[in-house]
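Residues per chain, in single letters:
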Amino acid sequence: MHVADNKVETVFAPIQDKISNVWEYLGGTTDPWKHFRPGLEQYSDLKTVSAGHVYYLDLKSPAGLVLEGAAYTTPASLDFSAGWNSLVWTYPAAKPILDALPGLTFGVDYDAVARFNNQTKQWEYFRDSGSDDFSQFEPGQVYFIHMLIPKTATVSAPAYSVTRTKYIYHNNQRLAKQENGVKYFYLSDHLGSTAVVADGSGAEVGRYEYQPYGLPLTSGMSRERYKFTGKELDDSTGLYDYSARQYDSSLGRFISPDTAGVDHADPQSLNRYSYCLNNPLRYVDPSGNAPMSATQLPLGYGILGTPIYTPPAGLGQLTTPIWTPPDGAGILATPIYAPPDNQGILATPDYTPADGAGNLATPDFQLPAGYGVLMSKGQDDEAQPTGYRYVGSEEAAEAAKTGYVPNAYGNRAPKTVFYTPDEELDFASQAQNAYNLPKTPTHRIGLDTTKITNIYGGNVVGRKGIEMTTKDRIPVVNIKKLEE
Amino acid sequence: MNFPDKVTFRVIDRKTKKPIRNIALLLILYAHRKNNYSIEAKISNENGEVTFTKNDCLEDIENSRNFYLMDYASTLEECLPHISLEVLSRETIDFVLKIRKERKNTYQNYWDCSDKFLHSLGKADNADYLSKLYDFSESDLWRNEILEVFVEKTPEAKEVGDKS
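Bear in mind the structure is a predicted one, so any value in this text is a computation, not a measurement.

**Examining the packing of helix 2 (residues 90-102) of chain B against helix 4 (residues 115-122) of chain B**
Helix-helix packing is described using two parameters, namely the angle between the two axes and the distance between the axes. Residue and element names in this part refer to chain B. Two elements in contact, helix 2 and helix 4, have axes separated by 10 Å at closest approach and are oriented at 160°. The pairing of helix 2 with helix 4 is recorded here as roughly antiparallel in orientation. The element helix 2 and its partner helix 4 pack so that their crossing is left-handed. Contacts from I93, V96, L97, R100 and K101 in helix 2 reach L118, L121 and G122 in helix 4.

**Considering the interface of chain B and chain A**
Many descriptions give the size of an interface as the accessible area lost when the pieces come together. Contacts between the two partners involve 32 residues from chain B, matched on the other side by 33 residues from chain A. Elements represented by at least two residues in the side of chain B that touches chain A include exactly strand 3 (37-43), helix 1 (54-67), helix 2 and helix 3 (104-107) of chain B. Considering every element that reaches the side of chain B that touches chain A, the biggest residue donor is helix 2 of chain B, with six residues. Looking at the side of chain B that touches chain A residue by residue, the classes come out as 13 nonpolar, eight polar and 11 charged.

**Thoughts on the sheet that holds strand 5 (residues 82-87) of chain B**
In a beta sheet, neighbouring strands are held together by backbone hydrogen bonds and run either parallel or antiparallel to one another. Residues and elements named next belong to chain B. The four strands lie next to each other as 3-2-5-6, forming an open sheet whose pairing is antiparallel. Only two strands of the sheet have a single partner each, and these edge strands are strand 3 and strand 6 (132-137). On average, each strand axis in the sheet is inclined to that of its neighbour by 25°, with strand direction left out of account. The sheet contact formed by strand 5 and strand 6 spans six bridges and is antiparallel. Its bridge partner lying in strand 6, I83 is registered against F136. Helix 1 rests against strand 2 (24-29) and strand 3 of the sheet, and its axis sits at about 130° to strand 3.

**What about the confidence of the model for chain B?**
All names here are of chain B. Taken residue by residue, chain B gives an average pLDDT of 88. The fraction at 70 or more is 95%. Within chain B, strand 4 (residues 49-53) carries the highest mean pLDDT (95), whereas helix 3 carries the lowest (80). Low pLDDT (under 50) marks residues 160-164, which in the prediction has four contacts with non-local residues, meaning those over four places away or in another chain. The complex prediction reports pTM at 0.44, with the ipTM value standing at 0.84.

**Here's the deal with unusual backbone geometry**
Phi at A:N436 takes a positive value of approximately 55°, unusual for a residue other than glycine. Relative to the helices and strands, A:N436 is located in the loop between helix 4 (428-434) and strand 30 (443-447). Looking at A:N436, the number of C-beta atoms within 10 Å reads 10, which means it is exposed. The phi dihedral of B:N22 is positive, around 65°, even though this residue is not glycine. Along the chain, B:N22 turns up in the loop between strand 1 (6-13) and strand 2.

Rules used in this analysis
Counting of residues starts from 1 at the beginning of each chain's written sequence and follows it residue by residue. For this description, chains carry letters from A and ligands carry numbers from 1, given in the order in which they are written. Where local features are concerned, this predicted model is filtered to residues with pLDDT of at least 70; where side-chain atom pairs are given and counted, the filter is 80 or more; whole-chain, interface and lining totals use all residues. Axis definition: a line fitted to C-alpha atoms, limited for helices to the stretch in contact. Angles are taken between N-to-C directions and run from 0 to 180 degrees. Strands are runs of DSSP state E lasting at least two residues, helices are runs of H or I lasting at least four, and both sets are numbered from the N terminus onward. Note on angle classes: values under 35 degrees are labelled roughly parallel, values over 145 roughly antiparallel, values of 65 to 115 roughly perpendicular, and the remainder oblique. Here a crossing is taken to be left-handed if its near helix is turned anticlockwise relative to the far helix by less than a right angle, and right-handed if that turn runs clockwise. The contact criterion used here is simple: two residues whose C-beta atoms, placed from the backbone, lie within 7 Å are in contact. Each residue is assigned to one class: nonpolar for Ala, Val, Leu, Ile, Met, Phe, Trp, Tyr, Cys and Pro, charged for Asp, Glu, Lys and Arg, and polar for all the others, Gly among them. Only when DSSP finds a minimum of two bridges between them are two strands counted as paired. pLDDT is a per-residue confidence score from the predictor, ranging from 0 to 100. As a rule, residues whose C-beta atom has 12 or fewer other C-beta atoms within 10 Å are exposed, those with 20 or more are buried, and those in between are partly exposed; C-beta atoms are placed from the backbone.

Written out as structure tokens, the structure reads:
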């Protein structure tokens, strides 16, 4: 249904006594449902209702549902594509399926209608076979119509199609979204904030700017769920969800203290409510309890956000053979040019290409005419590991090849990677005994744990301990062969 | 947990009550400490059946512990007294296929990276079924009977005229 962005309890208040739950299906195999329960808002994880999303209602009785006011609009016609289309029947009266959709002929335009029974958790079907699971559209129910051909149908009662928004990620980065098959691409600033949203042709459809602590400078930002530093803003509370804590951009403060403790050598950390050490332009805090540098670029360099576009004639297209874009994402093309004053060069960290793939172009060799240079961050010889992992030769080889601790595995993925932040042992037998390993390790991998956003585990005191775990990818700083 | 010498599961379509072949299933052992174990996926046969043996578990546990020294700690006996059987999602299957093809040299001494196994895994019909975990207690495994798992198709999997 088409509703204005609003609190879920407000939108469904007129029919609150008729429903027991409101559900939103997010997809995936792990906890794919969010839900809201009237009267138990504090236990609900569905907070707001957004335009174009699908919502499922558990009805207390087969009563009709009517949402009054300007909360929703009804199109006069529905465009169905071939295959399965979703439709919500919100007319307060039931109607036989064969009579409900003028302009569509059963057996010619469509041949089946399905619905998901939230009580029995099973799919039910209508095929006009005489032994169908149901034969009419019921109020408040979501149906799926299987179209044999794409067709536009005129609707005589308030029943209308819905849209679905799907977000596309790569390496934990949100690259794009898909609404009813239309793709939009996210371009972020150096903090990861949604700065520009572009359509498939590269045309800008939204530009968003923020004050330093995250308050919006531009209007129309309610269209996007993910805003400042890429976090989700809860419209009902006005707070950003930073996982460990909630953040109030109007105050520039977290609403609860940092549980990770303070660093007495850094006075900015003494206020445990402060956001990013009071330096929100330089730091980000993905987990809500560990500020980190937003970029590894040298002084004077910024991140250039570009739309996906075809360069004008005479300019080069910067492409890499190494990266296969996820479905719906394009190749980033940049012109060969010297940036104007105050703009930066597009920079990337070093990485090791996958087998069979080449290296990114660097200033160390001559490029063919028309090709651009992608600057990369040089290897920091001064980098010191902040954690260690004692491994066998195969894992050491894998880490050397990819530059990361492998947390995608031969049997399935992903799993938790264990490491130790404090102990440093040079002898293989020492390591085996210290961590009760099943066999003698051959190498010690030094890790950069400053980039980890999720840390949890036992024996942890002030974020130091013997073993801690994370599901993030961990960059490798060095690999040392242990002495026997 | 006390795992029997072997345990057989039969995959059945919830709607038609018929056994389903060519479905990839994963056995999950819940470790007392650190990561759980995922025993190598098996494909259901003509009768919808897959069999996991105690040796399968012991071998996979040893491979996991020997490859990732710091990430696994429990023996089979130390695992909790219940298991899960997972109908793998198509996304997980594609991920495993990708990793084993790209990293064959790394993993081939520990997990099956043969063309035959990867081909059969790639041909599995898991995309037609909802990915889900089915839980069994240790006592279930010792009932000396084939344990039934009822799976359901996704709506996209239904074909015109399919009465199942």
